[in-house]
Each structure stands twice: as C-alpha cells, then as structure tokens.
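# Understanding the architecture of this molecule
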Amino acid sequence: MTTPLEIQPGKFSLSDLRAIWREARPLSLAQTAYADINAASATIDKIVAKGDAAYGINTGFGKLAKTRIPDDQLELLQRNLIMSHSVGSGELIADEVVRLILAMKIGSLARGYSGIRASVIDSMIAMYNAGIMPAIPVKGSVGASGDLAPLSHMTLGLLGEGDVRVNGKLVAAKEALAAAGIKPVVLAAKEGLALINGTQVSTGLALHGLFLAERLLEAATVTGALSVDAAKGSDAPFDPRIHATRGQPGQIATAQIYRSLLEGSEIRRSHLVNDERVQDPYCLRCQPQVMGACLDIINNAARTLLTEANAVTDNPLVFVDTGEVISGGNFHAEPVAFAADTLALAIAEIGSISERRIALLIDASISGLPPFLVPSSGLNSGFMIAHVTAAALASENKSHAHPSSVDTIPTSANQEDHVSMATYGARRLHEMAHNTATIVGIELLAAAQGVDFHAPLKTSGMLTQVHQLLREKVAFYDKDRFFAPDIEAAKTLVVDGHLSAQCQHLYQHLYLN
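As the structure is a computational prediction, the values presented were derived from the model and not from experiment.

Conventions and cut-offs
Residues numbered from 1 in each chain as written. Predicted model: local features only at pLDDT ≥ 70, side-chain atom pairs only at ≥ 80, totals over all residues. Heavy atoms only, no water. Phe/Tyr/Trp six-rings, centres within 6.5 Å; stacked < 30°, edge-to-face > 60°. Helix = DSSP H or I, 4+ residues; strand = E, 2+ residues; numbered from the N terminus. Buried < 20%, exposed > 50% of the residue type's maximum accessible area, 1.4 Å probe, protein only. Contact = heavy atoms within 4.5 Å. Core = buried A, V, L, I, M, F, W, Y, C linked by side-chain atoms within 4.5 Å. Axes fitted to C-alpha atoms, helices over the stretch in contact; angles between N-to-C directions. Parallel < 35°, antiparallel > 145°, perpendicular 65-115°, else oblique. Left-handed = near helix turned anticlockwise from the far one by under 90°. Pairing = 2+ DSSP bridges.

By convention here, two paired aromatic rings are described through the distance between centres and the angle between planes. Following the criterion strictly, the structure yields seven aromatic pairs and no others. For the ring pair Trp21 and Phe211, a centre distance of 5.2 Å and an interplane angle of 55° mean the geometry is tilted. Separated by 190 residues along the polypeptide, Trp21 in helix α1 (residues 14–22) and Phe211 in helix α9 (residues 200–230) bring together distant segments of the chain. For the residue pair Trp21 and Phe211, the accessibility class agrees, reading buried in each case. Taking 5.5 Å as the distance between ring centres and 75° as the angle between the ring planes, the aromatic pair formed by Phe453 and Phe476 counts as edge-to-face. You can see Phe453 sitting in the loop between α18 (422–452) and α19 (461–471) and its partner Phe476 sitting in the loop between α19 and α20 (484–495), a full 23 residues away along the chain. Residue classification places Phe453 among the partly exposed residues on the basis of a relative accessible area of 27%. The class for Phe476 is partly exposed, based on a relative accessible area of 28%. An aromatic cluster is present here, built from Phe383, Tyr477 and Phe483 joined pairwise through their rings.

Set out below in structure tokens:
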C-alpha cells in the first residue's frame with residue numbers, strides 16, 4: 001500500500017506538489033494541526049453565540065454584506081452560497097489539477113485561520129483518498145474574490161450535490177459518497193465561505209503549467225543539443241568562461257547541460273578544424289542565454305507559487321489569540337497572475353527558439369543537410385509543412401503570452417472593482433505548453449533526421465540514447481508518409497517527460513524543491 005503524504009499545514013514543498021500532480025497518492029493530515037483547527041472553529045461558535053454581526057458568518061456576501069442573517073438560517077446561508085456560486089462553464093479541470101486544488105485547500109484550511117470544523121477537513125481528505133474528484137468547470141473565475149465559482153463546484157461534491165469523477169467517469173456525487181461510506185457535509189457558519197474563498201484553483205492551474213514548463217525546458221535543451229550536431233554546429237559558445245563573465249545563474253547552469261549533452265560527439269570532432277563557418281546562428285549559439293533566462297523565470301514563478309500553495313487565502317480570517325475575525329483581501333490572486341504571465345513567456349520562448357532551429361535544419365543553404373531533410377527532395381516534401389505547423393504554433397503562443405494580469409473588470413456591483421484574471425492566465429498555460437511540446441517534438445524529429453544523415457559518425461553517448469528512444473517509435477523519414485502520427489509520438493515523449501528522462505541526472509538540481 002502506498003504511504004500517505006502527510007500534510008503539514010504551511011509546509012508543502014514543490015516535491016510534494018509534483019508528487020500529488022503525478023499520481024493519486026493518498027493524503028493524511030498531521031495530528032498536530034487539529035488543535036489550531038478546533039480553536040478557530042470554537043472562536044466562530046463564540047461569535048455566533050454572542051450575536052455580533054461578522055462578515056460571512058451571519059451576514060450576506062459581497063455587496064449584501066450589510067444584510068444580517070438570523071441564527072436559525074446560518075446553515076441555509078452557507079448552502080445557498082455554494083449553490084448560487086456554482087456557475088462555472090467550459091470543460092472540466094483534469095484530475096491531476098483537481099488533486100492539487102483539494103490538497104492545497106486542505107492545507108490552507110488546516111492552518112487554523114478559517115474557522116472550519118475538523119470534520120469537514122476530514123471529509124475532504126476521505127473524498128480525496130477515495131478517488132472522488134469534484135467536477136470543476138475551468139471557466140468562470142476572475143481571480144478575486146478568490147476562485148469563487150470553481151471552488152463552489154469543488155464544494156458541491158462534499159455536499160453530495162452535482163457530479164464528481166471516479167476513475168475518469170462522471171457519477172452523481174451523492175452516489176459516489178455513499179459508495180465510499182462518506183456522509184455528505186452540512187455546512188456550519190462561515191464554512192461555505194472558507195471553502196470557496198481562496199486562490200487554490202488559480203494556483204493549481206499555474207502549478208500544472210509550471211511542471212509542464214520544467215519538462216519543456218529539459219526536452220528543448222536535449223533537442224537543441226541534438227540540433228547542434230545535426231547542423232554541425234560548434235560547442236565553443238557553451239564554454240563556461242563565457243557564461244561566468246555574465247553571471248546569470250540559469251545561463252551558467254544550462255551551458256553546463258549543453259556541454260554535457262554534446263560531450264564525446266564524433267560529429268563534433270569531425271569539424272573541429274578547417275570549418276568554414278565562424279559563428280553559428282543565434283538559435284544554436286545563444287541557447288544558454290535564452291534557455292537560462294527561461295530557467296530563471298520558471299524558478300521565480302515556482303517561488304511565488306510555492307508560497308501561495310501554503311498560504312491562507314480565504315476571507316475573513318480568524319485570529320484565535322484575540323478572538324477577532326478580520327476582513328482583508330488575501331483572495332486577490334495578483335501574485336499568481338504575475339507568476340502565470342512569466343511562465344507564459346518562458347513557454348513561448350522555448351517554443352520560439354525551437355521553431356528557429358527547425359527552420360535552420362530544413363534550409364540546406366545553412367545546415368548543409370538535404371533540402372527539407374529528405375532524400376529526393378522535390379519528389380518528397382519532407383519536413384516542409386511540419387515546419388509550417390511549428391511556425392503556426394509558435395505564433396499562436398505569442399498571442400497567448402500577452403499578460404493576463406494587466407486586464408481587470410469590475411464585478412459584484414463594483415464592490416469587487418479590481419481583479420487579477422489569474423485563473424485565465426494560469427489555465428492558458430496548458431494549451432501553450434502543448435503547443436510548445438509539439439514544436440519541440442518536431443525539432444526532435446528533424447534533429448534526429450539530420451544526425452542520421454551524418455552516419456557513420458555518431459552523436460554523443462547521451463544523445464545517441466535519445467536518438468534510439470525516438471527511433472523505437474518513429475522510423476527514419478526516407479520518403480513522404482502520413483506524418484502527423486510521428487509528430488504526435490515525438491510530442492508525447494516531450495510532454496510526458498520521457499525524453500529528458502534519458503539524462504535526468506543533468507536536471508536534478510535545476511529546480512526548486
């Protein structure tokens with residue numbers, strides 16, 4: 001049986017979050033968390049008993065905050081909140097992201113600032129461990145006040161309302177809970193608001209984009225190195241002395257990766273002397289500068305998202321030491337929006353420079369390879385239109401990379417008058433990442449094809465393993481054939497992380513953990 005991942009509130013690591021994203025590992029909550037949870041819940045009970053008006057506990061919400069709700073209607077108030085706010089649209093969020101959302105919400109609530117009962121958190125953990133994933137539509141949040149609509153859909157499942165996904169199939173939440181022996185939750189004062197206020201959906205989608213960006217960076221350094229050999233480029237631009245003079249950490253780290261990937265290449269040794277070319281085009285020569293900058297902003301985004309994954313972002317917050325409930329604005333997802341925008345830049349640039357290397361390889365006047373990387377060009381079109389696909393996707397990503405955080409639109413009768421648009425900014429990363437994965441997959445095919453034309457000379461040992469991995473799935477392109485399945489196979493190697501797994505030791509210390 002798989003050992004549960006124990007949630008220590010406020011102490012998620014990126015390694016924990018990557019593990020939750022990769023597989024449905026069971027969760028548990030540290031026993032030490034329950035004292036803080038119970039103390040905050042007791043504080044809410046005292047406020048209700050005292051009868052003082054407190055936002056979200058015994059008042060309406062948003063613009064209706066001045067409306068006082070009688071004590072005998074507080075449970076109905078919370079239920080109505082969930083039902084009325086479950087207004088999302090679009091396709092359902094994938095299970096790997098829903099797992100992140102649930103785990104982060106559990107961790108946030110368990111810090112003891114939300115006033116929610118321990119039994120509700122325990123029900124969330126039980127639902128997660130039973131593989132019951134709430135059906136959460138991806139659209140409908142502006143990233144403040146938190147991710148209200150999607151988190152309401154998350155909460156519906158707890159109440160036994162709406163649909164959930166079990167083993168990838170949609171079933172009624174009431175039936176799924178019954179099958180797992182979990183009683184539907186009846187929400188008490190403030191609990192509905194605590195569950196739906198927060199940035200966990202934006203953050204979960206952004207973490208999904210982050211983890212894909214890490215795989216893209218790894219794969220594109222591999223394909224970029226293979227392209228250097230395919231084009232008989234130089235490894236001199238990767239000399240550590242060049243990068244030390246600038247001092248950018250990502251650039252220094254990625255230059256080392258390129259040196260390691262190309263070490264021992266017979267193709268490189270074959271043109272060390274008497275090479276007519278003095279300098280390679282930027283898409284080969286400046287890879288450490290571009291990919292290193294991408295690495296740095298990926299890690300910067302990771303720092304922000306890790307902080308947010310451990311944060312308390314609902315409203316109002318309960319401070320047990322003074323017995324106060326204070327309204328603020330931690331639900332505003334501006335940090336997540338900025339992180340998502342910078343990840344979009346990195347994902348777009350990884351694809352952009354990869355597309356340029358494809359263009360170089362198919363151009364016989366620059367690469368010295370057969371036109372469009374195919375024997376008998378003219379009769380065969382080879383990689384001509386595969387490059388057009390890469391160009392189309394690179395250009396599409398340019399539009400997607402426009403910052404979402406500069407947009408805002410007022411809601412709730414102008415009470416919520418400035419928003420982050422973090423949820424959109426984060427969810428577009430999935431499509432961008434798959435666009436870039438396709439581009440890098442096409443480069444993998446092109447670079448492997450180019451290396452094949454240099455036989456019997458071989459590339460380096462590590463790149464030979466990569467080449468062999470591809471050739472197990474895609475044969476040499478000796479004449480025109482139905483090309484789309486080849487591209488899809490290469491893309492899958494990129495997006496699933498299998499391509500860079502061949503040389504994973506090079507990447508172990510690149511990212512935050």
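Considering the arrangement of structural elements, one finds Lys190 in the loop between α7 (173–180) and α8 (191–196). Apart from residues no more than four positions distant in its own chain, Lys190 is found in contact with Ile44, Gly56, Ile57, Gln78, Ser114, Asp314, Pro316 and Val318.

Judged by nonpolar contacts, the single largest core of 159 residues is most densely connected at Leu195 and Leu261. For Leu195, the residues in contact, after removing those within four places along its chain, are Lys105, Leu109, Ile116, Val120, Met124, Leu151, Met154, Thr155, Leu158 and Leu187.

Further remarks concern the packing of helix α4 (residues 95–109) against α9. Relative orientation of the contacting elements α4 and α9 amounts to 130°, with a least axis distance of 9 Å. Here α9 runs oblique to α4, going by the angle between their axes. Considering how the two elements wind past one another, α4 and α9 form a crossing that is right-handed. Between α4 and α9, the contacting residues are Glu96, Val97, Leu100, Ile101, Met104, Lys105 and Ser108 on the first element and Gln200, Val201, Thr203, Gly204, Leu205, Leu207, His208 and Phe211 on the second.

Bringing the sheet that holds strand β4 (residues 132–134) into the picture now. In space, the three strands of this open sheet follow the order β4-β6-β7, with antiparallel pairing throughout. Bordering the open sheet on either side are β4 and β7 (169–172), each of which pairs with just one other strand. On average, each strand axis in the sheet is tilted by 45° relative to the strand beside it, whichever way the strands run. Summarising the sheet, strand β6 (residues 163–166) and β7 pair through four bridges and their orientation is antiparallel. Bridge assignment links Val166 to a residue of β7, and that residue is Lys169. On the sheet, α7 packs against β4, β6 and β7 and is oriented at approximately 90° with respect to β7.

It is worth stressing that arrangement in space is one thing and function is another; only the former is reported here.
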